[in-house]
Every structure is written in structure tokens, then in C-alpha cells.
Amino acid sequence: MSRVLMRGNEAIAEAAIRAGCQCYFCYPITPQGELVEYMARELPARGGAFLQAESETAAINMVYGASAAGVRTMTSSSSPGISLKLEGISYMAGARLPGVIVNIMRGGPGLGNIAPAQGDYFQATKGGGHGDYRLIVLAPSSVQEAAELVMLAFDLSDRYRTPAMLLADGMLGQMMEPVELPDPIDPATIPGRPWALTGAVDRAPNVVLSFDLDPQGLKEMNKGLQRTYQEITERELRWEEVDTEDADLLIVAYGSMGRIAKSVVRSAREEGIKAGLVRPITLWPFPYARIRELSERVSTVLTAELSAGQMWEDVRLAVGDRAATPFFGELGGVVPTPRDVLSEVKRYANG
Amino acid sequence: MNMEQGIVFAGFGGQGVLLAGKVLARAGMEHGLEVSWLPSYGPEMRGGTANCTVVLSDALIGAPNVDAPQALVAMNQPSLDRFEPQLVPGGVAILNASLIAREARRSDITVVPIPMNDIARELDAPRAINMVALGALLRALDTVPLEVAGDAIALEMEERGRAKLGEVNRLALQRGYEAASSVLQAGA
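Residues numbered from 1 in each chain as written. Chains lettered and ligands numbered in written order. Predicted model: local features only at pLDDT ≥ 70, side-chain atom pairs only at ≥ 80, totals over all residues. Heavy atoms only, no water.

## Considering the interface of chain A and chain B
Our working rule: Residue contacts are counted whenever heavy atoms from the two residues lie within 4.5 Å of one another. Throughout, the accessible surface (probe 1.4 Å) given up by two parts as they are put together, summed over both, is called the buried area. Here, a salt bridge means any Lys or Arg side-chain nitrogen found within 4 Å of an Asp or Glu carboxyl oxygen. Polar contacts, as used here, are pairs of N or O atoms within 3.5 Å; protein pairs need one atom able to donate a hydrogen and one able to accept it. Residues neighboring in sequence count only if both atoms are side-chain atoms. Numbering of helices and strands runs from the N terminus, with a helix taken as a DSSP run of H or I at least four residues long and a strand as a DSSP run of E at least two residues long. Under this grouping Gly is polar, as are all residues other than the nonpolar Ala, Val, Leu, Ile, Met, Phe, Trp, Tyr, Cys and Pro and the charged Asp, Glu, Lys and Arg.
Contact with chain A, which involves 26 residues of that partner, is made by 28 residues of chain B. Buried surface at the junction of chain A and chain B, both sides included, amounts to about 2,100 Å², of which 58% is carbon and sulfur. Linking chain A with chain B are two salt bridges. The partner of Arg266 of chain A in a salt bridge is Glu4 of chain B, and the shortest N-O contact between them spans 3.4 Å. At the junction of chain A and chain B, the tally comes to 12 residue pairs in polar contact (both at pLDDT 80 or more). Those elements giving two or more residues to the side of chain A that touches chain B turn out to be strand E1 (4–7), helix H7 (170–174), strand E8 (176–179), helix H9 (255–270) and helix H12 (338–350) of chain A. Top element by residues in the side of chain A that touches chain B is H9 of chain A. It accounts for six residues. In terms of residue class, the side of chain A that touches chain B is made up of 14 nonpolar, four polar and eight charged.

Structure representation (C-alpha cells):
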């Protein structure tokens, strides 16, 4: 297999095409511009449809429409743009429509800036839009993993008929690394969509809706969603562990911060500190049980994020009072170096 | 103990620092190493300066941002001012002597002044200063062979529809490499 040097944004686009994405709708925003450019260049040439919409709202509703018509479809944006898409994402969840949403996060709130940040964790994992829905949220920490997870996002989204989000940030979108691109899927392996609006010839008409005016009916629809979310929680948890076997201090970090934390664990070990790392790959569902289990054996669980402490809430839910749960975060698009995080680790290791 | 090197390329927008870093990353990958390339892409680019950080390693790379780089390629003086203090003790600074008037302030680093603009002008290829710089860096680092970097820039030019520029860029790499050789041998 040959490795190619690619930007995160480009690898995500290429992997989406290889996953059978036929329709991509967008409204451009930094720092995910290369994803849009790649799709504009490649997708039509390979038999798909690229459309730059008039707004983010339009783009997500085009995703809704394409998904209802039965094709694999995707949109991508960055933080403020995702905020604009939330209404449509809630509608997709309600209508049980698969589809992939990529968020290359930047500094917020508001217009913020275009530097890397992880301030959209709450938005991605706790709903964001209205109603009782969940998104499957996958958080890559390398360009290779971004390519693999966007393909997984299409599979999971189809399997559970729920939208899935790839949550990364400007660092991962902009950086280049070697990638071994996964082979394109065989379109025949995409699950059938008997519910899709494909023209009611020799069958009863299908209906794709996110509403039911009868409370009992809407309750049943919601119970169905909750059953699906329960199933996802039981079957689709993913995380990576580094040096957790004998760790006394555990770092929990995801995405870009997760890979910085890998360097921190290495440096801490060189200095005799038994540090370990849990890097959640699915942010929803979140690996509560494993973190709870590990917290029995460590003195400290340090959460590190490019935010004021969003995943931290889930870590504290998992750990309770079994270990100290300090937090290290950077704000506004500032990216800490491994040394910044290491000095935090030393503080708790020596305390 | 694994080998890991962090290299910062910095200069004015237009001096080709992002491409120089990319060619190093690409050559490192072709040489069998793990690599990462992290650009500055923020408003600072629009203010006229650019930089990127390349990590070369024989193991999977954690942080693509670096506390204390082993090497700095400073194409102009603001880059030297900003990044010289960050270099690891014993690190190396490749300076563009055509544009940087001052000496390096650190005495615990190896300094390699290269008149990059003058060398590129001699080749009648003023835009190839980034490859002169990269050639000098390759000599100082001794991690990625010159020929592998030459192939990488040639491919890069080909992919950009400028295959005919491959040769002059290869030559610029060579000249930078030789210039660094002279400096390092004189200092040894």
C-alpha cells in the first residue's frame, strides 16, 4: 500500500467519495476550505453531485433531501456554520435520515476566529438542535484516522438511520500527514433503503417526516429513537488507550488535544511519572464505563481540551469521587504545546 | 530511544516556506519516516509572514506542534527574532544572510548563514530561495538524503503543471546543500 501526503481536509473529502458519497452540499468557511475545493474538483468528475448552496441552512436541507431520496450524502462546515445547520440536523434525526456532517472546529463563540478549538463538544454531543436526539460523534486525531472515521460515519449512519458527525478542528483539517487511503467501498454493500423516496412504482408510497401531531404517535417515534440510541451506546463505543496498565495519572483528551497528550505521556514517562491516556474516539456514545473502571486504579484523571471544560463534565460523571478530576484547557484558538500540558501533569503527579 | 526532529520554516509570505516544509515532509515520508506538516494559516499569514512546523520521526507522531525545534529555517529577520529563542540547545539555525543583517544571539546553537537570495539569483531562479534553504537544512540535519528531496520537489512541480521547473529547483537544493557544507566545514 502506498502512502500519500494529504491535508486532513482533503483526506476527509477523498475518503467520503470512497465511502460512496454521491451528493455533497456546502457553504464555504475557513478552516475547512480545502474540503470544499476537493469536492468541487473531484466529486462531479467521479459521478457525484457537488453543490455550493446559498447558505448553510440550504445546504443541510439539501442533505435532508438527498438522503430522503436514498443516496449517501454529506455536508461540512466549521463552528458558526454548524450552528446554522442545527435545525436541519434535528429534522434529519427526527425523520430518521442518515447523513454525515463534518465540523472542522474553530475558535468561538460567535464569529470567533479561524484557529483550532474544541468548543463545540456540547453542541455535538448534547443535542445542539432541539428535541430528544443524539448524533453519533466521531473524533479523529490524525489524518489517517480522519479518513477511516468518515467512512465509518457513513456506515454507522446508514446502519442506525441517524445522522453522524465527524468532529475535528482546524489543526487536523490543515495539517498534512501520510495517509494510506482505504479502498473504495463496493456500492452494492451499502444497506438498502426501502424507506427512501424513489418513486412509488409497484409499492405503497413512502413518507419521510419529522413530525407527528398526535402526542401518542410522537411519543412512539421518540421511543424508537431512544431504542436506537441505546443500541448504539451498547455496540459502538470506541476509544484508544496509551500506557493505562500501570498508570497512576490518567489524561483524558480527544482529537488534536489527544495527540498532543500522547507526546505528554511519553515525556512524563521519561521523567518517571506513570501517566496514561484515554482518547475517546466516539464522543457520543461516551466511554463512561471504561473511564470509571480505570479511575478505580489512579489518583488523578486530568481532562485536557481546547475548551473551558466541556468533555470534562462527562469525565466527571464517569469518575465521580474515585479520583481527583482536574482540568487543563486552552481557549480562543490557542493550541498548547506538549510542555504546557506536561507542567500540569507534573503539578498533579507531585501533589 | 527514538529519533524525532521538529523543524520550523519561517519567512515572509511569498518566500515559499510552506512549500519548503511540504517538500521536506514528502521527502521524509518517501524516506520511510513518519512526518507531519502543520502550517500557520491564521491572520498572521495575511499580515505577510508565514511559518510551518515539520516533524520527522521514526515512530508515530504525537504533537505536530513543537516546544523546542531542533532546527529553524529563518528566511527573514522577524522569523529569526521570533523563533531563535525557542530552539533546543544544540539546535541549528539556517539563516538567510541575504536579508538578515544581525548575527544570531544564541551561542549554544549551530548557525548556518546562507545568502539564499544571492544563490537563487545566480541560478536565475529568484523564487527558488526556498529550495536553497531546504538544501542547507538537509545538510545540517543529515536525516533525509538530498536526492530524495530532489525527487520530491520535482514531483511537486510536476503535479502543479510546472514540470520544467523541477531541474532548477533540484539545482537550488544542491547549491544550498553545498553552501551549508562550506559553512559547517569551516566551523568544524
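## Description of the domain arrangement of chain A
Residue and element names in this part refer to chain A. As a reminder of what qualifies: Note that the domain bounds reflect an automated or database-derived domain assignment.
The domains assigned to chain A are domain 1 (4–235) and domain 2 (240–350). Relative to domain 2, the C-alpha centre of domain 1 lies at a distance of 28 Å. Opposite the 32 residues of domain 1 that make contact, domain 2 presents 26 residues. Roughly 2,400 Å² is buried in total at the junction of domain 1 and domain 2, and carbon and sulfur atoms are behind 54% of that figure.

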